[in-house]
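Listed here are the chains, written in short residue letters.
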Amino acid sequence: MRVCVLGVGHVGLVSAACFAELGHDVIGLDDDAHKIASLQSGVVPFYEPELPELVARHISTGNITFTGSAAEGIAGAEVVFICVGTPRKDDGAPNLSHVQAAAASVASHATDSTVVVEKSTVPVRTGERIRQALSLQGQARGSGFVHHVVSNPEFLREGSAVRDTLYPDRVVVGADSDRGHAVMRELYEPLLARHDCPYVATDVRTAELIKHASNAFLATKISFINAIARICELAGADVHIVADAMGHDARIGRAFLNAGLGYGGSCFPKDVEAFVHIAAELGYDFGMLRETQRINIQAKAWPLQQLRRLVWNLADKEIAVLGVAFKPGTDDVRDAPALDVIDDLIAEGAAVRLHDPVALDHVRDRFPQATFCDKAEDALRGAHAVVVCTEWDEYRAISPTRLAELLTYPVVVDARRAWDPSALEDAGLTVAAVGQPQVPAPGL
Ligand code: UDX
């Protein structure tokens, strides 16, 4: 099938490459000329495992091409995916102007009736607005085409986006017409033939809600375990064992019960905020999600509280921060909890020494006063304390004795449980590990 993907950011490019892998004839369209030029030469402008290989392979099979011309991208497409950004406005509501512009562009350039698929995460009932935009622009142009609006939310995680797309837990398709459902089923047939998973066919509004409900639930699961972590610290219990034991219950499951620095990234913070806003607009006060947000803010403040307790004044101290990406396996720093931690340390007057294996370049401008270290050991050497903000494997590989040798004061604030706290204590280090019984400050 001829597929146009409008907006080749993270979600759009992964979707485009995966539809090419499934044998479709895909064209990626974006108005960012720089991005299109880069993709045309086979260079993926962000970090995502397996994606560069997939894009390169299908540039050579001819299954994928890229263009900056809306006329070229949209003409002849049976299906157009809208994968444009939905940034948050000042009040937390999503800004849907790119979605509206994308729909208008489809109606302007379509050469036949198409299926228009919203893949960007949008509020419930956006499908109706897309239909309105298509219809208004169609009338203005006098085309007479009847476009079918579909919601097909993605559930891909950065770092495993290709695998999540080709081997999903489920495919969700919301359509309000038989034609919309029939075209989407045909599009997904090659995926379902090689990977048997539930295919949820529903109406547009329900599909839109599935996406927000899923992300809000996962974020709430993380905040729940972070609240339990605080209680464990106060009660003298171990949140890791609590989470493992809870996870043995098949109704709960162990996934997304890792206590830490809270959730970050381009989706959860924005989606939770948008969902609170959408629910309020519909007349429902989603207080539980506001609490999810509050606990997440609290989680990001935890390292500073621990440092104040264990080191006292930070104004004349060197603090090593290991990890700035919002999670391991990505260079993405959007809403990364580490940014809040670094802001807090700088506000206290600490000299911050930063390391991350792949993400440092994205924060150089944001923290001009920080020292950027190529190696984790360079950040640790001579530091008065270390804070772990992202649980990269290479940090786990540093031995407790080496850590003790490198640090000036033996203080470790492990916000991601990168290390076994008892092994650190055995090496003579004072450890504040998230969700572990709180140790007394040295000398107090
Ligand atoms: C998420 C959803 O998982 C995905 O389905 C959706 O389509 C996009 O948003 P992503 O943002 O890539 O994906 O990251 P994810 O792996 O879900 O992690 C989000 C954040 O939660 C990270 O900051 C991570 O460190 C944190 N997290 C995750 C925890 O703190 N604890 C956990 O147990 C799991």
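Parameters at a glance
- Residues numbered from 1 in each chain as written.
- Predicted model: local features only at pLDDT ≥ 70, side-chain atom pairs only at ≥ 80, totals over all residues.
- Heavy atoms only, no water.
- Core = buried A, V, L, I, M, F, W, Y, C linked by side-chain atoms within 4.5 Å.
- Buried < 20%, exposed > 50% of the residue type's maximum accessible area, 1.4 Å probe, protein only.
- Contact = heavy atoms within 4.5 Å.
- Near = heavy atom within 4 Å.
- Polar contact = N/O pair within 3.5 Å; in protein donor to acceptor, adjacent residues only side chain to side chain.
- Areas by Shrake-Rupley, 256 points an atom, 1.4 Å probe, with all protein chains shown as cover.
- Helix = DSSP H or I, 4+ residues; strand = E, 2+ residues; numbered from the N terminus.
- Nonpolar A, V, L, I, M, F, W, Y, C, P; charged D, E, K, R; others polar.
- Pairing = 2+ DSSP bridges.
- Axes fitted to C-alpha atoms, helices over the stretch in contact; angles between N-to-C directions.

Quick look at the nonpolar core now. L307, L345, L354, L380, L403 and W419 are the most contacted members of the largest nonpolar core, which totals 58 residues. Leave out the neighbours within four places in its chain, and L345 touches L304, L307, L314, I319, V321, A350 and V352. The next biggest cluster of nonpolar side chains, apart from the first, holds 43 residues, and it includes A20, L51, V117 and L192.

To continue, consider the site of the ligand. Around the ligand, the surrounding shell holds 19 residues, and the nearest of these are E158, N258, G264, F326 and K327. Contacts to the ligand include E158, whose backbone N or O atom sits 2.6 Å from an oxygen atom. Taking G264, its main chain carries an N or O atom lying 3.0 Å from an oxygen atom of the ligand. Contact with the protein chains covers 93% of the free accessible surface of the ligand, which is 670 Å². Top contributing element to the shell around the ligand by residue count: helix α9 (residues 204–235), with three residues. For the shell around the ligand, the class distribution of residues is nine nonpolar, four polar and six charged.

This part takes up the sheet that holds strand β13 (residues 411–414). Strand order across the open sheet formed by six strands is β11-β10-β9-β12-β13-β14, with parallel pairing between neighbours. Looking at the sheet topology across the chains shown, the edges are occupied by β11 (371–372) and β14 (430–433). With two bridges joining them, strand β10 (residues 351–355) and β11 adopt parallel strand pairing. In the strand pairing of β11, L354 is matched with F372. Sheet contacts for helix α12 (residues 287–311): β9 (318–322), β12 (385–388), β13 and β14; angle to β13, the most-contacted strand, approximately 160°.

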